[in-house]
Amino acid sequence: MTYDIDKEDVEYVRHGDKPLLARLFKPRGPGPFPLIVELHGGAWCRGDRLNDAAINEPLAKSGVVVAALDFRMPPEAPYPASLADINYAIRWLKTRATALGSRPDLVGVLGISSGAHQAMLGGMRPHDPRYAAIPLPAGAPTVDAGARCVVLCWPVIDPLARYHYARKLKAGGQPYPEVVDRVLPCHDQYWQTEEAMAEGNPVLALERGERVALPPALYIQGTRDQAHPRVDLDRFVAQYRAAGGQVELELFEGEAEGFMTRNPTSPAAGQAVEKIVEFVHKQVW
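Residues numbered from 1 in each chain as written. Predicted model: local features only at pLDDT ≥ 70, side-chain atom pairs only at ≥ 80, totals over all residues. Heavy atoms only, no water.

(A) Broad picture of helix H10 (residues 267-284). In a regular helix each residue adds 1.5 Å, so 18 residues correspond to 26 Å; H10 covers 26 Å between its end C-alpha atoms and thus fits that length. Turning to H10, its buried residues are Ala268, Ala269, Ala272, Val273, Ile276, Val277, Phe279, Val280, Gln283 and Val284. (Helix = DSSP H or I, 4+ residues; strand = E, 2+ residues; numbered from the N terminus. Expected span 1.5 Å × (residues − 1). Buried < 20%, exposed > 50% of the residue type's maximum accessible area, 1.4 Å probe, protein only.)

(B) A look at the packing of aromatic side chains. Taken as a whole and assessed by the stated rule, the structure comprises eleven aromatic pairs. Pairing Trp44 with Tyr190 gives two aromatic rings, centres 5.5 Å apart and planes at 10°, and the pair type is stacked. Here the residue Trp44 occupies a position in the loop between strand E3 (35-39) and helix H1 (53-61), and Tyr190 occupies one in helix H5 (residues 179-191), the gap between them amounting to 146 residues. Residue classification places Trp44 among the buried residues on the basis of a relative accessible area of 2%. Taking relative accessible area as the criterion, Tyr190 reaches 1% and is therefore assigned buried. Joined through ring pairs, the aromatic side chains of Trp44, Tyr79, Tyr131, Tyr190 and Trp191 make up one cluster. (Phe/Tyr/Trp six-rings, centres within 6.5 Å; stacked < 30°, edge-to-face > 60°.)

(C) Spatial organisation of unusual backbone geometry. The amide bond that connects Gly31 to the next residue, Pro32, takes the cis arrangement and shows omega of 0°. Residues other than glycine seldom take positive phi values, yet Trp44 does so here, at roughly 70°.

(D) Representation of the nonpolar core. In this structure, Tyr12, Leu69, Leu152 and Phe236 are the most contacted members of the largest nonpolar core, which totals 48 residues. The dominant element in this core, judged by the number of residues it contributes, is helix H2 (residues 81-95), at seven residues. If near-sequence neighbours (up to four positions away) are discounted, Leu152 is found in contact with Gly111, Ala116, Ala119, Met120, Ile157, Leu218, Tyr219, Ile220 and Phe236. Ranked by size, the runner-up nonpolar core spans 30 residues in total, among them Ala60, Leu106, Ile112 and Val280. (Core = buried A, V, L, I, M, F, W, Y, C linked by side-chain atoms within 4.5 Å. Contact = heavy atoms within 4.5 Å.)

(E) Structural detail: the packing of H2 against helix H3 (residues 114-124). At a minimum axis distance of 10 Å, the contact between H2 and H3 shows a crossing angle of 65°. One finds that H2 runs roughly perpendicular with respect to H3. Along this stretch, H2 crosses H3, giving a crossing that reads as right-handed. Residues Ser82, Leu83 and Ile86 of H2 form the contact with H3, whose participating residues are Gln118, Leu121 and Gly122. (Axes fitted to C-alpha atoms, helices over the stretch in contact; angles between N-to-C directions. Parallel < 35°, antiparallel > 145°, perpendicular 65-115°, else oblique. Left-handed = near helix turned anticlockwise from the far one by under 90°.)

(F) Structural view of the pattern of salt bridges. One pass over the structure, following the stated rule, counts 27 salt bridges. The residue Arg49 makes a salt bridge to Asp9 at a minimum N-O spacing of 3.0 Å. Taken together, the positions of Arg49 in the loop between E3 and H1 and Asp9 in strand E1 (residues 5-15) put the pair 40 residues apart, joining distant regions of the chain. Under the relative-accessibility criterion, Arg49 is labelled buried at 12%. In this structure Asp9 comes out as partly exposed when scored by relative accessible area, which is 32%. Residue Asp232 pairs with Arg235 through a salt bridge whose shortest N-O separation is 3.8 Å. Pair noted here: Asp232 and Arg235 are both in helix H8 (residues 230-242), with a separation of three residues, about one helical turn. Look at Asp232 and you get buried, because its relative accessible area is 5%. (Salt bridge = Lys/Arg side-chain N within 4 Å of Asp/Glu carboxyl O.)

(G) Highlighting empty space enclosed by the protein. Applying the stated criterion across every chain yields a total of two cavities of 30 Å³ or more. In this structure, the largest cavity encloses a volume near 100 Å³. Together, 15 residues line the largest cavity, and Ile86, Asn87, Ile90, Gly122 and Gly123 are the ones closest to its centre. Of all elements in the fold, only H2 and H3 reach the threshold of two or more residues within the lining of the largest cavity. Among the residues forming the lining of the largest cavity, the class breakdown is ten nonpolar, four polar and one charged. Of the volumes computed, that of the second largest cavity is approximately 50 Å³. Along its surface, the second largest cavity is lined by Pro155, Val156, Ile157, Asp158, Arg162, Tyr219, Ala227, His228, Pro229, Asp232 and Leu233. Taken together, the residues of the lining of the second largest cavity sort by class into seven nonpolar, one polar and three charged. (1 Å grid on protein atoms, 1.4 Å probe; cavity = no way out; pocket = protein on both sides within 12 Å on 5 of 7 lines; lining within 4 Å. Points joined across faces, edges and corners; volume = space filled by probe spheres on them. Nonpolar A, V, L, I, M, F, W, Y, C, P; charged D, E, K, R; others polar.)

What follows is the structure, encoded as structure tokens:
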């Protein structure tokens, strides 16, 4: 079934005089619908809630409320400020889920690249006191930031390993992929130290034996992606499954970084959206 949708921007939190907005994509119908919190990419430093309409609109039309977030980024604030905004937004949306046509127990997260890293890190650590530091308004229901599922579109799943990978390519001199010069400054601005890249790291958290939540995950990536090393993907999938988590891995042959948003009318993008729709409806219910 395909739904007509309504779109609107709402303020979900304010830091000083700066509001942070969520763009809501709401199916017209009685619901309750799953609710997916969507996190844009941009190497933690660029982008906004408008980035991923090519994914959010068809997902909403399938019968899913989608809330695409803005969150703090450098130079305004480094890690973990964005995780605090995201954690708060999930809790805030749960308190309003019924009014939005969903339910507080039907909430998942979807992310793109650095947004997918944050989706997974936040999904694994929904109760981390740094991430849960922003309190809900007085009188709000008690909810946490746990996710029913997480959708990962080419995540920077190991920020430290990706940093070393990009630095090694740059040290080797030209020609190297243009993504190197695009992401290296953002790693430094967002993380500030390699120690932080190791701490806020889904792969290393699992390898350290950290006790984490393990929401079911869908992992999408193209086989020609030069921005998100395949070795990091393989380590994460192996570790997540070994810890008892469920990962559905969907590799798209011959596709490069960002194939769903850069070429949304391509057959591969359409197939990937279908995988997301199927996964969300299966996992959230």
